[in-house]
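Listed below are the residues making up each chain.
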Amino acid sequence: MQPYFQNFADFIQMGGHGAYVWASWGITIICLLVLIFYSRNQRKTIYHQIRTQQAREKQRQERQRS
């Protein structure tokens, strides 16, 4: 079994297409990281809103009982 690239420099250059290949990899990884951090931030925000809403509902129920 022969490797397609003879050395690491050939692997990086990818037959002259390395700039496009590695740029697409980089953009993909950056987009995935942004999506992960955005999703985590949204999750924290939503949980905070739910907790706040539940606390307000609990206060309303206590006021109605009084």
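Each remark here, short or long, concerns the structure printed above.
Residues numbered from 1 in each chain as written. Predicted model: local features only at pLDDT ≥ 70, side-chain atom pairs only at ≥ 80, totals over all residues. Heavy atoms only, no water.

(A) Seen up close, the overall build of the protein chain. The number of helices and strands found in the protein chain is two helices and zero strands. Here the C-alpha coordinates of the protein chain stretch approximately 80 × 25 × 10 Å along the principal axes. With 66 residues in all, the protein chain has 2% of them scored as buried. Counting every atom, the protein chain has about 6,600 Å² of accessible surface; 60% of that belongs to carbon and sulfur. (Helix = DSSP H or I, 4+ residues; strand = E, 2+ residues; numbered from the N terminus. Buried < 20%, exposed > 50% of the residue type's maximum accessible area, 1.4 Å probe, protein only. Areas by Shrake-Rupley, 256 points an atom, 1.4 Å probe, with all protein chains shown as cover.)

(B) Broad picture of a nonpolar patch on the surface. On the surface, a nonpolar cluster with roughly 920 Å² of combined accessible area is contributed by F8, F11, I12, W22, W25, I29, L33, I36 and F37. Of all the secondary structure elements, the ones that give two or more residues to the nonpolar patch are helix 1 (8-13) and helix 2 (18-65). Here the element with the most residues in the nonpolar patch is helix 2; it accounts for six residues. With respect to the helices and strands, the residue I29 is situated in helix 2. (Patch = residues over 30% accessible without salt bridge, like charges linked within 9 Å, V, L, I, M, F, W, Y side chains within 5 Å. Salt bridge = Lys/Arg side-chain N within 4 Å of Asp/Glu carboxyl O.)

(C) Inspection of the packing of aromatic side chains at higher detail. Throughout the structure, instances matching the rule amount to four aromatic pairs. When the ring of F8 is compared with that of F11, the centres are 6.0 Å apart and the planes differ by 35°; the resulting orientation is tilted. A residue pair is termed a helical-turn pair when its members lie 3 or 4 positions apart in one helix, as F8 and F11 do in helix 1 at three residues. The class for F11 is partly exposed, based on a relative accessible area of 30%. Look at F11 and W22: their rings are 5.5 Å apart centre to centre, the planes differ by 70°, and that puts the pair in the edge-to-face class. Taken together, the residues F11 in helix 1 and W22 in helix 2 connect sequence positions 11 residues apart. Residue classification places W22 among the partly exposed residues on the basis of a relative accessible area of 33%. In textbook terms, an aromatic cluster arises when at least three aromatic residues are bridged by ring pairs, as seen for Y4, F5, F8, F11 and W22. (Phe/Tyr/Trp six-rings, centres within 6.5 Å; stacked < 30°, edge-to-face > 60°.)

(D) Highlighting unusual backbone geometry. With phi around 50°, M14 is a residue other than glycine that occupies positive phi space. Note on placement: M14 falls in the loop between helix 1 and helix 2.

(E) Just the pattern of salt bridges, in detail. Tallied over the entire structure, the rule returns one salt bridge. Note that R60 is salt-bridged to E57, the shortest N-O span being 3.4 Å. Of this pair, R60 and E57 are both found in helix 2, three residues apart, which corresponds to roughly one turn of the helix. Residue R60 is classed as partly exposed on the basis of its relative accessible area, which comes to 44%.

Function cannot be read off these values alone, since they describe shape.
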